[in-house]
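What follows is each chain in one-letter form.
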Amino acid sequence: SSRMRTWALAILVAVLAAAWLLGGRTAARTGQRTFREHLLRVDTAKLRGFIIVPAPSKHADTLHFRREETGWTVTAKGHTTAAEARHFQVLLEAMADLRTLRLEGTSSADRAREGLADSLADRLIAPDVDHGTTTLLIGRSLNEEGGVTAFAGQGDPNTYVIAGELARFTGMSFIDWI
């Protein structure tokens, strides 16, 4: 009677606790599966140009990249020169199929922590085979094996992580590209 009720109550509490723990974990996994797998897809064979806009906090010049018959050029403040080809191979490979590895966060605090606040984020503006022109906010490189970068789509409240150190390229100055 009293002992039986105590056992029944203990079992009920254990079942509810297990359901609460498992329910929370399952919901998080389900939420992560709902984001877009590709936030940018570029046909690098047809790519004629793209733009990198450094974060306002960097006080750096906007870089315009253009493919010419002789190779890539970079322009900043009206000065145009040939760009160093070795950087483009890695950057274009990343841009060709920019896959989201995971959802990193959904709040403005998450964005700020990953360097995606308006004054901290670099912007990569490129033609997307699926959506016309796409602007990506590029945050900081995260210290994980293989290198990953935090990023977000313009107007998307979520923070994502991609493979590679895209922030290394968006953080380069005009001089670094020549």
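The following paragraphs examine the structure supplied in this document. Just so it is clear, the model here is predicted, and its values are computed rather than measured.

Per the secondary structure count, the protein includes five helices and 10 strands. Residues classed as buried in the protein amount to 37% of the 178 residues present. Element-wise, carbon and sulfur atoms account for 56% of the exposed surface of the protein, whose accessible area totals about 10,700 Å².

Where two aromatic rings form a pair, the distance of their centres and the angle of their planes describe that pair. What the rule picks out here adds up to five aromatic pairs. Centre to centre, the rings of Phe-50 and Phe-65 are 4.7 Å apart; their planes meet at 15 degrees, and the pair counts as stacked. In this pair, Phe-50 sits in strand S2 (residues 49-53) while Phe-65 sits in strand S3 (residues 63-68), placing the two residues 15 residues apart along the sequence. Classification of Phe-50 by relative accessible area gives buried; the value is 3%. Take Phe-65: its relative accessible area is 4%, and that puts it in the buried class. The rings of Phe-50, Phe-65, Trp-72, Phe-169 and Trp-177 are connected pair by pair, giving a single aromatic cluster.

For helix H2 (residues 85-96), built from 12 residues, the straight-helix expectation of 16 Å at 1.5 Å per residue is met to within 8% by its first-to-last C-alpha distance of 17 Å. Buried within H2 are the following residues: His-87, Phe-88, Leu-91, Leu-92 and Met-95. The buried residues of H2 all sit within an arc of 115 degrees when viewed along its axis, so they share a single face. Looking at H2, the residues exposed on the side facing more than 90 degrees away from the buried face are Arg-86, Gln-89 and Glu-93.

This brings us to unusual backbone geometry. For His-59, which is not glycine, the phi dihedral falls at a positive 50 degrees. With respect to the helices and strands, His-59 occurs in the loop between S2 and S3. The exposure class of His-59 is exposed, given its relative accessible area of 73%. The phi angle at Lys-77 is positive, at roughly 50 degrees, despite the residue not being glycine.

Below, the discussion takes up the pairing of strand S4 (residues 71-76). In this sheet, S4 lies alongside S3 in antiparallel orientation, the contact comprising five bridges. Each bridged residue has a counterpart across the sheet, and for Arg-66 the counterpart in S4 is Thr-73. The sheet contact formed by S4 and strand S5 (residues 79-82) spans four bridges and is antiparallel. Bridge assignment links Thr-75 to a residue of S5, and that residue is Thr-80. Connecting S4 to the next strand, S5, in antiparallel fashion are two residues, including Lys-77 with a positive phi near 50 degrees.

Take Thr-73: it is sitting in strand S4. We classify Thr-73 as buried; its relative accessible area is 13%. Not counting residues within four places of it along the chain, the set of residues in contact with Thr-73 comprises His-64, Phe-65, Arg-66, Glu-68, Thr-80, Thr-81, Ala-82 and Ala-83.

In terms of residue burial, strand S10 (residues 159-163) counts as a mostly covered element, since four of its five residues are buried. Relative to S10, strand S9 (residues 148-153) runs antiparallel, the two sharing four bridges. Along S10, the bridge assignment pairs Thr-149 with Ile-162. Hairpin connection between S9 and S10: a loop of five residues separates the two successive antiparallel strands, and Gly-155 in this loop has a positive phi of roughly 80 degrees.

Thresholds applied
Residues numbered from 1 in each chain as written. Predicted model: local features only at pLDDT ≥ 70, side-chain atom pairs only at ≥ 80, totals over all residues. Heavy atoms only, no water. Helix = DSSP H or I, 4+ residues; strand = E, 2+ residues; numbered from the N terminus. Buried < 20%, exposed > 50% of the residue type's maximum accessible area, 1.4 Å probe, protein only. Areas by Shrake-Rupley, 256 points an atom, 1.4 Å probe, with all protein chains shown as cover. Phe/Tyr/Trp six-rings, centres within 6.5 Å; stacked < 30°, edge-to-face > 60°. Expected span 1.5 Å × (residues − 1). Arc of directions from axis to C-beta. Pairing = 2+ DSSP bridges. Contact = heavy atoms within 4.5 Å.

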